[in-house]
Each structure stands twice: as C-alpha cells, then as structure tokens.
Amino acid sequence: MSFSNLGLSDKVLAAVAATGYTTPTPIQEKAIPHVLARRDVLGIAQTGTGKTAAFVLPMLTLLEKGRARARMPRTLILEPTRELAAQVKENFDKYGAGQKLNVALLIGGVSFGDQDTKLMRGVDVLIATPGRLLDHTERGGLLLTGVELLVIDEADRMLDMGFIPDIERICKLVPFTRQTLFFTATMPSEIRRITETFLHNPEKVEVSKPASTATTVTQSQVGVGREPHEKREMLRQLLRDAKDLKNAIIFCNRKRDVAVVYKSLQKHGFSVGALHGDMDQSARTASLDQFRKGELPLLVASDVAARGLDIPEVSHVFNFDVPHHPDDYVHRIGRTGRAGRLGTAISIVSPADQKSVAAIEKLIGQPIARADVTPVASTEASPAPAREQQAERAPEERKPRRDSQRTRGGRNKSRKPEGADRKPQTADRKPQAAEKPAQAPSIGRAMPAAAAREQHAEPADHSHLPAFLLRPIRARG
Ligand code: AMP
C-alpha cells in the first residue's frame, strides 16, 4: 500500500513525499479513507503508531476547500497536554507547508491577547487543551458553531486527567452535524460511554492491542528497600552500569519527586533535564528541546508531561517509581524500542511498589524479570530529609478527577490536574529536598574509591561517569 492509494490531495502527497515516508502505517491506511469520506472514526491506537498523521493528512486534504471566518474555527483538535498540542501543530507545519492555512494553538501559559489576535484573523485548524479553550469561549472571543470536524485525541488520558466534563461541554458547543475523530489507546467503560454519545455510526479502526509491549524492549526490575534515598542510589548505579545507554527517560509518579530526582542527579554530576506539569511552559519546552537534540541525555519526567511525546530513539526507560496504573507502564516503556529498535526498561521496585508490579504483570501477561543488582554504596545520608519523607506519605497526585464539582458555567475549577492549563509555577526551580552529603556507606559492599571521594568532596569527582553524561548544562530560558 502506498500513500497515493488513500485519496489524499496532490499537495498533501507531495508534503508526505518530502518527509521521506513511503508507506502508510496501519492506522493511517485504515483511518485516512474514512476521514476523507467524512465518516466518524473511533481509532484505538497508541502514540508511536503514526496516528497524528492519520488525522492531520486527511484534514489538510479536506481543508483545501473553503475559508475561515473570524472567531469561528473550521476544525478543532483537543489534546490533553500542551506538549501534545504543540506536537500536533508541528505536524500541520510540516505537512501543510504548501498550503496557506491558519493554524492556532490555544494552550495555557501563553498570553490570551496573542491567542485572541489569531482567532480574530480566522482559523482553519484550532489545536487546544480543554481548559484554555473553555476560557476563550467563556470570554466570548471564540465561537465553535462553525466547527466542521472535531478531533478528540488521547481520550483515555483526558479521562485520567479529569477532562471529561470539559469535553462534554465542548461537544455541546460544536454543531451536532460535525464529523468527529476520536482516538484512545484503551477503552475503559467511561470512554465507551462517551463514544456512544459523541460519535455517529463510527468506523472503528484498531491497530494494536492496548496492553501489548514491544518485543524489542528488554524489561527488568530491581528491588530496593523502603528508604527514598535507596531508590536514588540504585538509579545512579543503574545509570553508571547501563550498557549502550544513549539517552534515558526516568519516570516518577509525583511531580515533587521529579524535582527531587532531578536535583539529586544534577548534584551528582549527571546532565539532566526535568519535565512535569507545574513547570512553566518555556522551561518545559527548553527541557524537551535539549533532550530531543541530545544536549541533555537524561530527562526526569512525570507521566502526564511525557505521555505521547514523540521523542525518537530513546535507548532506556527507568521507572524510578512503578506506575499505579498498569496502562501507564505500557506507555512509559513504549518510549523506547520504537520502530523495531532495541530498548531497555528497568523498574526500581520498593516494597510499596510490589502491588503495582503484580498488576502490570497481569496486564502485559508476562512476568518482569528480576535483575540482581547489589547496591555499591550509600553516598547519601539516611534518614531522608524531612520534607522528602512527607512527600513519600503524600497522597498520589495523579488521582483521576472524575467528580464533577462545577463552578462558573459548569467547569471544574477546584482541582486542576497536572498538565492542565494553570498559572506558571516555579516548582522545578526551587530546591525541594536538600540532599545532605553522606556520612557513611549504609548498604552494600565496600565503597569503591570513586564513591568515597564523592562523599568527602563536593562537587563530586565524576571521573567514573561516561563522558556524554557530563556535558555542561545550559542555563534554562
Ligand atoms: P505518532 O504516533 O503520531 O506520535 O507518530 C510517531 C512517529 O512516527 C512520528 O515520529 C512520525 O513522524 C512517524 N511517522 C508517521 N507516519 C509515518 C510513516 N508513514 N512512516 C514512517 N514514520 C511515520
């Protein structure tokens, strides 16, 4: 099958050829003809399958006819996070270069004024996170009555983030007769319910089992004790010992732990960036860019910030915490082993994580191999700093927000999920837990000379680290 059999316009085919893609991916092959036939589509596909182009390419073809009117976008794409929204915009820029289309991004952390000016000029494609979109409609600066095509992307993630009430409101603001494309990686019952409400006789397109993990990823788990510092020590050791490590994403369950692990690795001389939903937009973009370009080989991230990001060729994924939702494990390790490449995924498992490991093994239908790693030596003080202990006890931040405490026109303003449009905070810049220099090794075998030097002199001697992990860190913008 080639792209030219799918019914795409010549302009779009030329743009695809310019990117070098010759064969449509299965989701593209199956979905594009239905989108062009103006059918509703229910696409069950994960990121990494080429699903973005599966809706962007036919949309570009359909948009060649017609013109946008002020404040009335012709098409609307809803994304759960700012990064995903920005990534979809990049796809329109790439494939739509030959067309004079106005594509606007409505995401939090960016001034209303600039967004308003763009809306005023008339928009062909509006890509938005739900919160910011509703803020614009409530201010009266945006009318959704001209929307001919609506894309709801990453719907199961929207559910996890508590966006479903917002999505339901938005769906009532767009015309009943619009075409709807709905993408989700999994089909929990609540997602099934909303597909029944929002989609009209959809074509169902499914490309891979939601819970399957790539066979090219080597998965393992290493056990540690209960103390938070044991995880950090194990992480450093795994990073130092890792074979063929080009770059890695280190996932934490909580935003505050992203900040703690980021600071810890930085202190120990690793070149590392951070990504979580409370960072302001410029810091998030800077971290991601540096990671993509290979300037920072390590990225500490939370699920919400990292979900669906297109970061090619990640060699390693580390789960600093085992995710509470087994689906998140599949998504996390899906960052590596993409497009048939080899990847490694290692989970650091404390006694508190064991229940989550069991749930994951059940979902993926296979055990995760246990690797025996003896911690070399403690280079951190135990007990952990008081604030950090508090963080360990704090309730899970990523609690699904399925309630509907509504204020002001029905929107839930009371508890914003991570990644939602919110005022920029600077949590990533504030030291969260000062890590004291260690007094004595607490676990494992005799301390090697390098580790001993590290304990007694700050900054540490990093001669034992691979050179690429020690590249200087550029100041953040
Ligand atoms: P997505 O699932 O949309 O996040 O896409 C994952 C990656 O696949 C992106 O880097 C795309 O640029 C790439 N991609 C999309 N379509 C194709 C294709 N037909 N052939 C090869 N790569 C593709």
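Up top is the structure.
From a predicted model like this one, the values you see are computed outputs, not experimental measurements.

(A) Representation of the layout of surface pockets in the model. Size it by volume and the second largest pocket reaches roughly 410 Å³. What lines the second largest pocket is a set of 17 residues, and nearest its centre among them are Lys 243, Asp 244, Ser 315, His 316 and Thr 344. Those elements giving two or more residues to the lining of the second largest pocket turn out to be helix H10 (228-241) and strand E13 (343-349). Counting residues per element, the lining of the second largest pocket draws most heavily on E13, which supplies three residues.

(B) Broad picture of the pattern of salt bridges. According to the stated counting rule, one finds 17 salt bridges in the structure shown. The partner of Glu 203 in a salt bridge is Arg 39, and the shortest N-O contact between them spans 2.9 Å. With Glu 203 in strand E7 (residues 203-206) and Arg 39 in the loop between helix H2 (26-36) and strand E1 (41-44), the pair connects residues that are 164 residues apart, well separated along the chain. Residue Glu 203 is classed as partly exposed on the basis of its relative accessible area of 23%. Taking relative accessible area as the criterion, Arg 39 reaches 28% and is therefore assigned partly exposed. Salt-bridge contacts for Arg 284 lead to Glu 83; the nearest nitrogen and oxygen are separated by 2.6 Å. Of this pair, Arg 284 sits in helix H12 (residues 281-293) while Glu 83 sits in helix H4 (residues 82-95), and the two are 201 residues apart along the sequence. Each of the two residues, Arg 284 as well as Glu 83, counts as buried. By sharing partners, the salt bridges in this structure join Lys 51, Asp 153 and Glu 154 into a single network.

(C) Fine view of the site of the ligand. Taken together, 14 residues form the shell around the ligand, and within it Tyr 21, Gln 28, Gly 48, Gly 50 and Thr 52 come nearest. Backbone polar atom of Thr 23 to a nitrogen atom of the ligand: 2.9 Å apart, as the coordinates give it. Lys 51 places a main-chain nitrogen or oxygen 3.3 Å from an oxygen atom of the ligand. In the shell around the ligand, the residues fall into three nonpolar, eight polar and three charged.

Parameters at a glance
- Residues numbered from 1 in each chain as written.
- Predicted model: local features only at pLDDT ≥ 70, side-chain atom pairs only at ≥ 80, totals over all residues.
- Heavy atoms only, no water.
- 1 Å grid on protein atoms, 1.4 Å probe; cavity = no way out; pocket = protein on both sides within 12 Å on 5 of 7 lines; lining within 4 Å.
- Points joined across faces, edges and corners; volume = space filled by probe spheres on them.
- Helix = DSSP H or I, 4+ residues; strand = E, 2+ residues; numbered from the N terminus.
- Salt bridge = Lys/Arg side-chain N within 4 Å of Asp/Glu carboxyl O.
- Buried < 20%, exposed > 50% of the residue type's maximum accessible area, 1.4 Å probe, protein only.
- Near = heavy atom within 4 Å.
- Polar contact = N/O pair within 3.5 Å; in protein donor to acceptor, adjacent residues only side chain to side chain.
- Nonpolar A, V, L, I, M, F, W, Y, C, P; charged D, E, K, R; others polar.

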